[in-house]
Amino acid sequence: CKTSERKGRGGQAEARGRGAAKEKTLECGQIVWGLAFSAWPAAGAGETEPPHPMALPCLILATGLNDGQIKVWEVQTGHLLFSLLGHQDVVRDLSFAPNGSLILVSASRDKTLRVWDLSRDGRQVQVLSGHVQWVYCCSISPDCSMLCSAAGEKSALLWSMRSYTLIRRLEGHQSSVVSCDFSPDSALLVTASYDACVIMWDPYTGEQLRTLRHVPLHSALDYSSEVHTSSLRSVCFSPEGLYLATVADDRLLRIWALELRSPVAFAPMTNGLCCMYFPHGGFIATGTRDGHVQFWTAPRVLSSLKHLCRKALRTFLTTYQVLALPIPRKLKEFLTYRTF
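Per an unreviewed UniProt entry, the protein carries the name WSB2 protein and comes from Smutsornis africanus. Per UniProt, the protein has the following entry under Pathway (unreviewed entry): "Protein modification; protein ubiquitination."

What follows is the structure in structure tokens.
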């Protein structure tokens, strides 16, 4: 594996002198199906030297490959840090633990999820089995307590990131579940399915809180008989936790407000497969089958003080802990997203 760099006019000296941006290519040698970024922390004083010593913090990128390998790179230098072996088929999705612990979860067509610890030389910590179809998607909750996985089955699986055991099956969809995401405070989980619905769950209780149905806009689009309009492809939360973005095969990107049951914004797009919010909000990136990434302006919102308080509390309180508080019932319903 090698790194190739292409610089603009003026040569290497000018690039060094002006700090010009470089275009970098990581040659993985296989089709790349999944990507995940994480920060590699600086080595602390007194720590033993790691197998791939990096004195300064840096950005790393995990790549899920067609042959079942996971290759982890240092982005700045293009150095290959790890080749993680274990999966027997395509690695379809990757997710780093948001707490910087260098725990990586991979989802594969071999019907398993695997947990890796890059801080211990990429050791495989656990194999999670329970799906009977290819695993398409995995998402770790921001508080790093839960993992959700979707595998083209009618139910999504919710796992404990502490014991690596199955917590529950989330059953409610009528067709294959293909995407999932947690809210920024870990209090909500959304799943998207080919049944044209997004279900919003309380991951602590397994309760369905609401269903968002994708209704075709016949007046705006000219559907052909070949378009399967009920196929949802991707769902993601906005960084402040008040909006959802969805991509479906009906050629639309939709933006949903949590307190409403209909979209607040649309964008026409074709061949959409995935979507992701910019970490600081305001923009959405979408990926397509024809090899393009498109960027869209998303609604910006100033979070209310009520929502900020709820978000702050739910970051460290489970639903059961909220329900046990000596506070009015209406306040409990607000804090558990039963009312908006």
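Trainee: How should I be thinking about the side chain of Asp185 in this particular structure?
Mentor: Take Asp185: it is sitting in the loop between strand E15 (177-182) and strand E16 (189-193). Notably, Asp185 is buried but unbridged: the nearest opposite-charge side chain belongs to Arg310, and the N-O separation is 5.7 Å. In this structure the side chain of Asp185 is engaged in a polar contact, spanning 2.7 Å, whose partner is the side chain of Ser183. In terms of polar contacts, Asp185 uses its side chain to reach the backbone amide nitrogen of Ala187, at 3.0 Å. Those residues in contact with Asp185 that sit more than four places away from it in its chain are Arg310, Lys311, Arg314, Thr315 and Tyr337.

Trainee: For this particular structure, what's the right way to read the environment of Ser155?
Mentor: Tracing the chain through its elements places Ser155 in strand E13 (residues 155-160). Taking C-alpha positions, Ser155 is 8.5 Å from Ser175, a pair spaced 20 residues apart along the chain. Discounting chain neighbours no more than four positions away, the residues touching Ser155 are Arg169, Leu170, Glu171 and Val177.

Trainee: Would you take a moment to explain unusual backbone geometry for this structure?
Mentor: Glycine aside, residues mostly have negative phi, and peptide bonds are mostly found in the trans state. One non-glycine residue, Tyr164, lies in the positive phi region at around 55 degrees. With respect to the helices, strands and loops of the structure, Tyr164 is situated in the loop between E13 and strand E14 (166-171). We classify Tyr164 as buried; its relative accessible area is 17%. Non-glycine residue Asn271 carries a positive phi angle of around 60 degrees. Among the structural elements, Asn271 can be located in the loop between strand E22 (263-268) and strand E23 (272-277).

Trainee: Please clarify how the pairing of strand E20 (residues 243-248) should be interpreted in this entry.
Mentor: Regular strands show a simple pattern: their side chains alternate between the two faces of the sheet. Across the 6 residues of E20, 6 count as buried, placing the element largely inside the fold. In E20, alternate side chains face the same way, and those of Tyr243, Ala245 and Val247 on one face and Leu244, Thr246 and Ala248 on the other are all buried. Bridge analysis of strand E19 (residues 232-237) against E20 gives 5 bridges, and the strand direction is antiparallel. Within E20, the position partnered with Phe237 by the bridge is Leu244. Turn length for the E19-E20 hairpin, with the two strands adjacent in sequence and antiparallel, is 5 residues, and the turn residue Gly241 shows positive phi of about 85 degrees. Where E20 and strand E21 (residues 252-257) come together, 6 bridges link them in antiparallel fashion. For Thr246, the partnering residue across the bridge sits in E21 and is Arg254. Remark: 3 residues form the turn of the hairpin made by E20 and E21, two consecutive strands paired antiparallel; Arg251 in that turn has positive phi of roughly 70 degrees.

Trainee: Help me understand the sheet that holds E21 in this model?
Mentor: The strands that make up a sheet pair up through hydrogen bonds in the backbone, lying either parallel or antiparallel. On the basis of which strands lie adjacent, the open sheet formed by 4 strands has the order E19-E20-E21-E22 and antiparallel pairing. Lying at the two open borders of the sheet, with one neighbouring strand each, are E19 and E22. Going across the sheet, the axis of each strand differs from the next one's by a mean of 20 degrees, ignoring polarity. Bridging between E21 and E22 involves 5 bridges; their strand directions are antiparallel. Residue pairing for E22: Arg254 is matched across the bridge by Phe266.

Trainee: Got a minute to help me understand the pattern of salt bridges in this structure?
Mentor: A side chain with one charge can pair with a side chain of the opposite charge if their charged atoms come near. Throughout the structure, instances matching the rule amount to 7 salt bridges. Two residues, Glu207 and Arg338, come together in a salt bridge whose shortest N-O distance is 2.6 Å. Taken together, the positions of Glu207 in strand E18 (residues 207-213) and Arg338 in the segment after helix H4 (329-335) put the pair 131 residues apart, joining distant regions of the chain. Overall, the relative accessible area of 36% leaves Glu207 in the partly exposed class. Relative accessible area serves as the criterion here: at 29%, Arg338 is assigned to the partly exposed category. When the shortest N-O distance is used, the salt bridge between Glu333 and Arg329 registers 2.6 Å. Residue Glu333 and its partner Arg329 are both found in helix H4; the two are separated by 4 residues, about one turn of the helix. Taking relative accessible area as the criterion, Arg329 reaches 56% and is therefore assigned exposed. Connected through salt bridges with shared partners, the residues Asp202, Glu207 and Arg338 form a single ionic network.

Rules used throughout
Residues numbered from 1 in each chain as written. Predicted model: local features only at pLDDT ≥ 70, side-chain atom pairs only at ≥ 80, totals over all residues. Heavy atoms only, no water. UniProt positions renumbered as here; feature names shortened; annotations may be inferred. Helix = DSSP H or I, 4+ residues; strand = E, 2+ residues; numbered from the N terminus. Buried < 20%, exposed > 50% of the residue type's maximum accessible area, 1.4 Å probe, protein only. Lys, Arg positive; Asp, Glu negative; His and termini not counted. Salt bridge = Lys/Arg side-chain N within 4 Å of Asp/Glu carboxyl O. Polar contact = N/O pair within 3.5 Å; in protein donor to acceptor, adjacent residues only side chain to side chain. Contact = heavy atoms within 4.5 Å. Pairing = 2+ DSSP bridges. Axes fitted to C-alpha atoms, helices over the stretch in contact; angles between N-to-C directions.

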